[in-house]
Amino acid sequence: MRNLQVNIKDVLYLLRLYRHDLMNHLQLVDGYASMKQYEQSQEKLHHLIMQLKNERQLQTLDAPQYVYWLLSLNLFEREMNFDFEIENHETSIEDYDGQITHDGKRLFEQIKAQLDSLIHLHILVQIKYDHDWYIKYHIKGIESLDDITFYSYGQLKVIKNEKETSFVFTYK
């Protein structure tokens, strides 16, 4: 395993943000239950459980730089809706860790530069292995986005339709 260099203060700050968000979610669940609004309480609790399962699945990837970056992005860009789906990851992605982290960061830098922020975006990150690694960023909430070009390690394909723009990176 590679030596991942992180600043301890940054990690503690991220844990503080994470704990704050978790407490907010749990207080909502408790608040709805105390007002006998059990359906809303159950819905919020179900959403929280699904989020935690997705994060757990993400953390099983052997790509610590990428996982750290995605979790950080999710915490720092609180106004966006962020989901993960991971399929067939028995094959190691560790050799691509730096590359997928680089490509993801550059992509979001480009998007943020064009949109000024990531507010109100719904982003689904799909990670799949099928003879090659595919990292797909499906982004809803973008009305128009100029062509995004940057040096990427993976082969980049952009798919646009009226509801979303998808950026698909392939790593061979």
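Quick look at the structure, then.

Basis of the calculations
- Residues numbered from 1 in each chain as written.
- Predicted model: local features only at pLDDT ≥ 70, side-chain atom pairs only at ≥ 80, totals over all residues.
- Heavy atoms only, no water.
- Helix = DSSP H or I, 4+ residues; strand = E, 2+ residues; numbered from the N terminus.
- Rg over C-alpha atoms; globule rule 2.2 N^0.38 Å.
- Buried < 20%, exposed > 50% of the residue type's maximum accessible area, 1.4 Å probe, protein only.
- Contact = heavy atoms within 4.5 Å.
- Areas by Shrake-Rupley, 256 points an atom, 1.4 Å probe, with all protein chains shown as cover.
- Lys, Arg positive; Asp, Glu negative; His and termini not counted.
- Charge placed at Lys NZ, Arg CZ, Asp CG, Glu CD.
- Core = buried A, V, L, I, M, F, W, Y, C linked by side-chain atoms within 4.5 Å.

### Here we look at the overall build of the protein
Consideration 1: Tallying secondary structure elements over the protein gives 4 helices and 5 strands in all.
Consideration 2: Counting from the amino terminus, the protein carries its helices and strands in the arrangement α-α-α-β-α-β-β-β-β.
Consideration 3: The C-alpha atoms of the protein give 17 Å as radius of gyration, which agrees with the globular expectation for 172 residues (16 Å, within 12%).
Consideration 4: Expressed as a percentage of its 172 residues, the buried residues of the protein come to 36%.
Consideration 5: Sequence-distant contacts, at least 24 apart, represent 65% of the contacts inside the protein between residues at least 6 apart.
Consideration 6: About 10,900 Å² of surface is accessible on the protein, with carbon and sulfur atoms providing 49% of the total.
Consideration 7: If the 19 positive side-chain charges of the protein are averaged to one point and the 26 negative ones to another, these points end up 3 Å apart.

### A word on the nonpolar core
Consideration 1: Core analysis: the biggest nonpolar cluster contains 33 residues, and Tyr66, Ile93, Leu107, Val125, Ile127, Ile135 and Tyr137 have the highest contact counts within it.
Consideration 2: Every element with two or more residues in this core is listed here: helix 3 (64-76), strand 1 (81-87), helix 4 (97-115), strand 2 (122-129), strand 3 (133-140) and strand 5 (164-171).
Consideration 3: Looking at which element gives the most residues to this core, the answer is helix 3, with 5 residues.
Consideration 4: What Ile135 contacts, discounting residues up to four positions off in sequence, is Tyr66, Ile93, Ile100, Val125, Gln126, Ile127, Phe167, Val168, Phe169 and Tyr171.

### Section: unusual backbone geometry
Consideration 1: Backbone geometry at Lys36 places phi at a positive 60°, although glycine is not the residue there.
Consideration 2: Its identity as a non-glycine residue notwithstanding, His120 has a phi of 70°, on the positive side.
Consideration 3: Mapped onto the fold, His120 is located in the loop between helix 4 and strand 2.
Consideration 4: Take His120: its relative accessible area is 69%, and that puts it in the exposed class.

In short, the description is geometric, and any link to function would need to be established separately.
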